[in-house]
Amino acid sequence: LQAKVDSGVKDCPLPANGRWCQVRLGAKPFNMAVYNSADIVSNSICGSGTWELNDQDISDLGAPGHALDIGANVGFYSLVLAHKGWDVTAFEPMATNSALIQASLCANPELSQRITLNKFGLGSKDDHCRIISGNDNVGDGVSQCGDEAKKTNTAKLDRKSTSLKSRHITNT
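What comes next concerns the included structure. (Residues numbered from 1 in each chain as written. Predicted model: local features only at pLDDT ≥ 70, side-chain atom pairs only at ≥ 80, totals over all residues. Heavy atoms only, no water.)

Of all 8 residues making up helix α3 (residues 76-83), 6 are buried, and the element is well covered by its neighbours. Here α3 has its buried residues at Phe76, Ser78, Leu79, Val80, Leu81 and Ala82. Just downstream of α3, Gly85 is the residue with a positive phi angle, here 100 degrees. (Buried < 20%, exposed > 50% of the residue type's maximum accessible area, 1.4 Å probe, protein only. Helix = DSSP H or I, 4+ residues; strand = E, 2+ residues; numbered from the N terminus.)

For the rest of this paragraph, the subject is the sheet that holds strand β4 (residues 87-91). Taken together, the 3 strands give an open sheet; going across it, the order is β3-β4-β5, and neighbouring strands pair in parallel fashion. Only two strands of the sheet have a single partner each, and these edge strands are β3 (66-70) and β5 (115-118). Averaged over all adjacent pairs, the angle separating strand axes in this sheet is 15 degrees, with direction ignored. As paired strands, β4 and β5 are joined by 4 bridges and run parallel to one another. Bridge assignment links Phe91 to a residue of β5, and that residue is Asn118. (Pairing = 2+ DSSP bridges. Axes fitted to C-alpha atoms, helices over the stretch in contact; angles between N-to-C directions.)

Our focus in this paragraph is the layout of surface pockets. Space inside the largest pocket adds up to approximately 220 Å³. Lining the largest pocket are 15 residues, and of these Gly71, Glu92, Pro93, Gly141 and Ser143 lie nearest its centre. Mapped onto the lining of the largest pocket, the elements with two or more residues apiece are β6 (121-123) and β8 (141-145). Per-class residue counts for the lining of the largest pocket are 7 nonpolar, 6 polar and 2 charged. (1 Å grid on protein atoms, 1.4 Å probe; cavity = no way out; pocket = protein on both sides within 12 Å on 5 of 7 lines; lining within 4 Å. Points joined across faces, edges and corners; volume = space filled by probe spheres on them. Nonpolar A, V, L, I, M, F, W, Y, C, P; charged D, E, K, R; others polar.)

Attention shifts here to the pattern of salt bridges. If you walk through the whole model with that rule in mind, you get 2 salt bridges. The residue Asp55 makes a salt bridge to Lys84 at a minimum N-O spacing of 3.6 Å. Of this pair, Asp55 sits in helix α2 (residues 55-59) while Lys84 sits in the loop between α3 and β4; the two residues are 29 residues apart in sequence, bridging distant segments of the chain. Judged by relative accessible area, which is 35%, Asp55 ranks as partly exposed. Residue classification places Lys84 among the partly exposed positions, given a relative accessible area of 28%. The residue Arg114 makes a salt bridge to Asp87 at a minimum N-O spacing of 3.0 Å. Residue Arg114 is located in the loop between α5 (109-112) and β5, and its partner Asp87 is located in strand β4; the two are separated by 27 residues in the primary sequence. Taking the relative accessible area as the measure of exposure, Arg114 reaches 31% and is therefore partly exposed. (Salt bridge = Lys/Arg side-chain N within 4 Å of Asp/Glu carboxyl O.)

Printed below as a string of structure tokens:
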């Protein structure tokens, strides 16, 4: 059973491949944009209000600080951590995932102040890579980099150490 989604999302553009669901961790649920297809992460969020986490998992992390979400997918961990008071730097190279995250940030302006979304991946060197996704977890991409990948549509990949340093993130 999908929980009722707040009407406040009507002013936030939802990608054509998206739907609204509620994350139900903690006392106050919040809206999140997810895939409207047979996606395992999206279906779990819409059905149970979470993906792989419960309230105790977040509490076990200790006091809120700064988290990195590398390969943010649809942004579940970034959004949940921000909801719990964390500052999050997220990296997500897949345009469809980034569009869903941006819709979720629009619907939750109090969380958008805590999340910095970088629309590229991280790797050992600068490159352009092809990202391939499966049918049951469409937001989960596998990267193929190098000369072969350059022949198709690619996503930007920044060298991890340079990218983090430029964002003044020193402890990872």
